[in-house]
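# Structural description and commentary
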Amino acid sequence: MKLWTAKDSAELYNISGWSNGYFTTNEEGHVEVTPFGENGGRIDMKRVVDDLVRRGLSMPLLLRFSDILEQRMHELCSAFHKAIEQFEYKGKYVPAMPIKVNQHRPVVEELVEFGKRHGLGLEVGSKPELLIAVSMMHRKHGLIICNGYKDRAYIETALLAQRLGITTLIIVDRFQELETIIAASRSLGVKPCIGVRAKLSARGSGRWAESGGDSSKFGLTAAEMVGVVERLRTEGMLDSLVCLHFHIGSQITAIRAVKEALDEAARIFADLYRMGAPLAYLDCGGGLAVDYDGSKTNFHASKNYTLEEYAADIIGEISSTLDGGDIPHPTIITESGRAMVAHHSVLVFNVLGHNAASFRDPEKEVQRPKEEEPQILHDMWEVYAGITKKNYQEAYHDGLKLKEDALSLFRHGIINLVMRARIEELFWASATKIWKICKELSYVPDDLEGLEKTLADIYFCNFSVFQSMPDSWAVDALFPVMPIHRLREKPTQLGILADLTCDSDGKVDQFIDLHDVKNALELHTHRVGEPYFLGVFLVGAYQEVLGDLHNLFGDVNAVHIAFDKERGYTVRHVINGDKVKDVLSYVLYDSGALMQRLRASIEDALQEGHMTFEESANLVKHFEAGMAGYTYLEQPELAESLLNSVLPKENRSVRPAPEERPDEIQKTA
Ligand SMILES: *Cc1c(COP(=O)(O)O)cnc(C)c1O
């Protein structure tokens, strides 16, 4: 038999499909991070995780790869620069980062730093986000785009930020906001930079199509846009109308939707200009999709276009419409959030154990029954032994029927529990055989589609779906999931992932697939005492900030990693996740007050003789340690097993010199 290699694993999990070249496998069978492509630096992800565990960080861990973030921004800008050259476009391109996609300070800080040379702007949709942007944006020549509901205070803050040298585009999302903008700018004596958000009749595609179209929440109708021009003209402020904005939704899977929107937007732009508005910016909003499943289709977890195509369509469409009317080319802005940050974060957690779907060892051969054993066992054996590519569907039905018959014989006391178990074991062996045949086929009959799920083991994992991949639960979003090591070993099991919450929705049972969606993932057997790490990829957009405290599982430990020529990698920041007492305080429990209550109960128990002093001390110790601990399963034995198994001795005490230690950010500090 052909040896299983890391390449086979790469193919199985379709890494090249979704990784955009940022992830690959290495000779050791580990996932490797390659932010700069094939020939640039490489970071062995398993090594990073091992090191972090040895440093005392507990699972789950969120790894943020700073180089990927920088590279993504670079790619986005390059694509537009190429298109600008190709179409001899006269305006500039400026990327803007919608803060809502990932507001974490260290992430925004890095974005602003990397964005300096690209003139990156920040897009905000609320007052708190505006306050972040105003203080994070480097002063001169900065750009902030203000969307969302705005009250007088929001607008005044935006206007005053202009005095810092920041261009703040205040986008009129609802017609009523215009009066507040006029009044505020008059009273502060600051000339506003106003934009209008067009309610396009073109819609996005896919799940967030409702963000565009006539019934969308935000944006002005044609009549309202004309009204804005007239109103500003009356006020003598028409020279403040400098931007047209639109946003047709997130994760736009079909390029056709982008083209249609641009057609309409470019016409509106031209007409507003002709009416006397000196428009200098055209903001195309977000929506640039991420190919989560790597299928390059218009499926909701994918996209049917490339970054280059997206940029070329925007620049091409606008220049052709504007050139016809002799209108100067504006600066093009996009607010691509998902596409900018999704790739750079990976969630890593350990498997705690697995429940086999069927209590049988997949490596073990099943035995032919003995002559004197019951007929039904022989019948099941016949089914098992006779499965072929031609009759597999029939065999499955026969097997199911026999399994039901066995149950009924058992109920009537005709066969015993041991016999029932043997029949079921044969059934599961047949099902596995049939599944293997199905996998080779391009078409799987409907009645066999559930087979994968039935055969899947449940892998219990140290994470919370609700905290770390909420879109998987809320909108059935798909993320690539795979082991980050053991990739030279052929995975023998099928599994679904169950998280730590006691919610039956706290599971992942849909996985990316080139054709449709897989109901189970190929995984390795979990060996007791040996860590098995899984990674969930492309979780940098939305997941962290939408996560919730279901069952009081809090924020996970996050670590910023960057490539380093000499040492392989460096840790830029460690951001400690929530402690138990932090999440308790969110729901208004005070750890001190809880301790007082506990002490009172302990006093009673001691008085009544139900508890010894030693037991009371032990309980208090656990209570205190629990309060100060991580909300997930802490497993000191994990670090122990790593020390014992994978690391050569000389490697064991490597510590960075004090001056090289990253800053540790205490969330509560
Ligand atoms: C959410 C949002 C974005 C970001 O969309 P992505 O799909 O993440 O690119 C951009 N602009 C506006 C106005 C938004 O509301």
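Residues numbered from 1 in each chain as written. Predicted model: local features only at pLDDT ≥ 70, side-chain atom pairs only at ≥ 80, totals over all residues. Heavy atoms only, no water.

## Some details on the overall build of the protein
Of regular secondary structure, the protein possesses 23 helices and 24 strands. The principal-axis extents of the C-alpha atoms in the protein amount to approximately 100 × 75 × 55 Å. Expressed as a percentage of its 669 residues, the buried residues of the protein come to 55%. In the structure as shown, the protein presents an accessible area of about 30,500 Å², 51% of it carried by carbon and sulfur atoms. Looking at charge distribution, the protein has the averaged site of its 73 positive side-chain charges lying 3 Å from that of its 97 negative ones. (Helix = DSSP H or I, 4+ residues; strand = E, 2+ residues; numbered from the N terminus. Buried < 20%, exposed > 50% of the residue type's maximum accessible area, 1.4 Å probe, protein only. Areas by Shrake-Rupley, 256 points an atom, 1.4 Å probe, with all protein chains shown as cover. Lys, Arg positive; Asp, Glu negative; His and termini not counted. Charge placed at Lys NZ, Arg CZ, Asp CG, Glu CD.)

## Examining the pattern of salt bridges
When the charged atoms of two side chains with opposite charge come close together, those side chains can pair. Overall, the coordinates contain 34 salt bridges when judged by the stated rule. Between Arg231 and Glu179 there is a salt bridge whose closest N-O contact spans 2.6 Å. Here Arg231, found in helix α9 (residues 222–234), pairs with Glu179, found in helix α8 (residues 177–188); they are 52 residues apart in sequence, far enough to count as distant. For Asp313, the salt bridge identified is with Lys259, shortest N-O distance 3.4 Å. With Asp313 in helix α11 (residues 307–324) and Lys259 in helix α10 (residues 255–274), this pair connects stretches of sequence that are 54 residues apart. Its relative accessible area of 12% is what places Asp313 among the buried residues. (Salt bridge = Lys/Arg side-chain N within 4 Å of Asp/Glu carboxyl O.)

## Focus on helix α13 (residues 375–385)
An α-helix turns once per 3.6 residues; consequently, residues spaced three or four apart project the same way. Along α13, the positions that sit buried rather than exposed are Ile376, Leu377, His378, Met380, Trp381, Val383 and Tyr384. Contact partners of the buried residues in α13: α14 (392–411) and α15 (417–440). (Contact = heavy atoms within 4.5 Å.)

## Considering helix α4 (residues 66–86)
With 21 residues, α4 extends 30 Å between its outermost C-alpha atoms, agreeing within 8% with the 30 Å of an ideal straight helix rising 1.5 Å per residue. Just downstream of α4 lies Glu88, where phi reads positive at about 50°. (Expected span 1.5 Å × (residues − 1).)

## As for the site of the ligand
Close to the ligand lie 16 residues; Lys100, Ser250, Glu335, Arg338 and Tyr542 are nearest. Between Ser250 and the ligand, the recorded distance is 2.4 Å, taken from a side-chain N or O atom to an oxygen atom. The backbone of Arg338 places a nitrogen or oxygen atom 2.9 Å from an oxygen atom of the ligand. Considering the ligand on its own, with 390 Å² of exposed area, one finds that the protein chains cover 92% of that surface. (Near = heavy atom within 4 Å. Polar contact = N/O pair within 3.5 Å; in protein donor to acceptor, adjacent residues only side chain to side chain.)

## Some details on the packing of aromatic side chains
If you walk through the whole model with that rule in mind, you get 16 aromatic pairs. Considering the side-chain rings of Phe80 and Tyr93, the 3.9 Å spacing of their centres and the 5° angle between planes classify their relative orientation as stacked. Taken together, the residues span a long stretch of sequence, with Phe80 in helix α4 and Tyr93 in strand β5 (residues 93–98) at a distance of 13 residues. Tyr93 sits in the buried class, given a relative accessible area of 5%. For the ring pair Tyr292 and Phe479, a centre distance of 5.4 Å and an interplane angle of 80° mean the geometry is edge-to-face. Residue Tyr292 is found in the loop between β11 (281–283) and α11, and its partner Phe479 is found in the loop between α18 (470–474) and β15 (481–483); the two are separated by 187 residues along the sequence. (Phe/Tyr/Trp six-rings, centres within 6.5 Å; stacked < 30°, edge-to-face > 60°.)

## With respect to the sheet that holds strand β3 (residues 43–44)
The antiparallel open sheet is built from three strands, whose spatial order is β1-β2-β3. Strands at the two margins of the open sheet, each flanked by one partner only, are β1 (23–25) and β3. Pairing geometry for strand β2 (residues 31–33) and β3, over two bridges, is antiparallel. Pairing of Glu32 across the sheet is with Asp44, part of β3. (Pairing = 2+ DSSP bridges.)

## A look at the state of the cysteines
Under the definition given, this model contains zero disulfides. With no disulfide of its own, Cys77 lies 14 Å from the sulfur of Cys284, the closest cysteine sulfur. Counting only cysteine sulfurs, Cys502 is the nearest neighbor of Cys461, a cysteine outside any disulfide, at a range of 16 Å. On the basis of relative accessibility, which here comes to 1%, the residue Cys461 falls in the buried class. (Disulfide = S-S within 2.5 Å.)

## As for the side chain of Gln162
Positionally, Gln162 belongs in the loop between α7 (152–161) and β8 (167–172). With relative accessibility at 18%, the residue Gln162 sits in the buried group. Excluding residues that lie within four positions of it along the chain, Gln162 makes contacts with Thr167, Thr168, Val190, Lys191, Pro192 and Cys193.

## Section: the sheet that holds strand β10 (residues 241–245)
The strands that make up a sheet pair up through hydrogen bonds in the backbone, lying either parallel or antiparallel. On the basis of which strands lie adjacent, the closed barrel formed by eight strands has the order β5-β6-β7-β8-β9-β10-β11-β12 and parallel pairing. In this sheet, adjacent strand axes meet at a mean angle of 25° when their direction is disregarded. Examined bridge by bridge, β5 and strand β12 (residues 331–334) share three bridges and lie parallel to one another. The partner of Val94 across the bridge, within β12, is Ile333. Each of β5 and β12 is contacted by α4, which is oriented at about 150° to β5, the strand it contacts most. (Axes fitted to C-alpha atoms, helices over the stretch in contact; angles between N-to-C directions.)

## With respect to a nonpolar patch on the surface
Together, Tyr586, Val587 and Tyr589 make up a nonpolar patch on the protein surface, roughly 300 Å² of accessible area in all. Its location among the elements puts Tyr586 in helix α20 (residues 580–586). (Patch = residues over 30% accessible without salt bridge, like charges linked within 9 Å, V, L, I, M, F, W, Y side chains within 5 Å.)

## Comments concerning the domain arrangement of the protein
In terms of domain boundaries, the protein breaks down into domain 1 (89–335) and domain 2 (375–451). Using only C-alpha atoms to locate each centre, domain 1 and domain 2 end up separated by 59 Å. (Domains from an automatic or database assignment.)

## Details of a negative patch on the surface
There is a patch of like negative charges on the surface, built from Asp446, Asp447, Glu449 and Asp516. In this structure, Asp447 sits in the loop between α15 and α16 (451–455). The exposure class assigned to Asp447 is partly exposed, which follows from its relative accessible area of 38%.

## Considering the pairing of strand β14 (residues 457–461)
Burial of the side chains of β14 is restricted to one face: Asp457, Tyr459 and Cys461 are buried, whereas none of Ile458 and Phe460 on the reverse face is. Bridging between β14 and strand β16 (residues 493–498) involves four bridges; their strand directions are parallel. What sits directly across from Tyr459, in β16, is Leu497.

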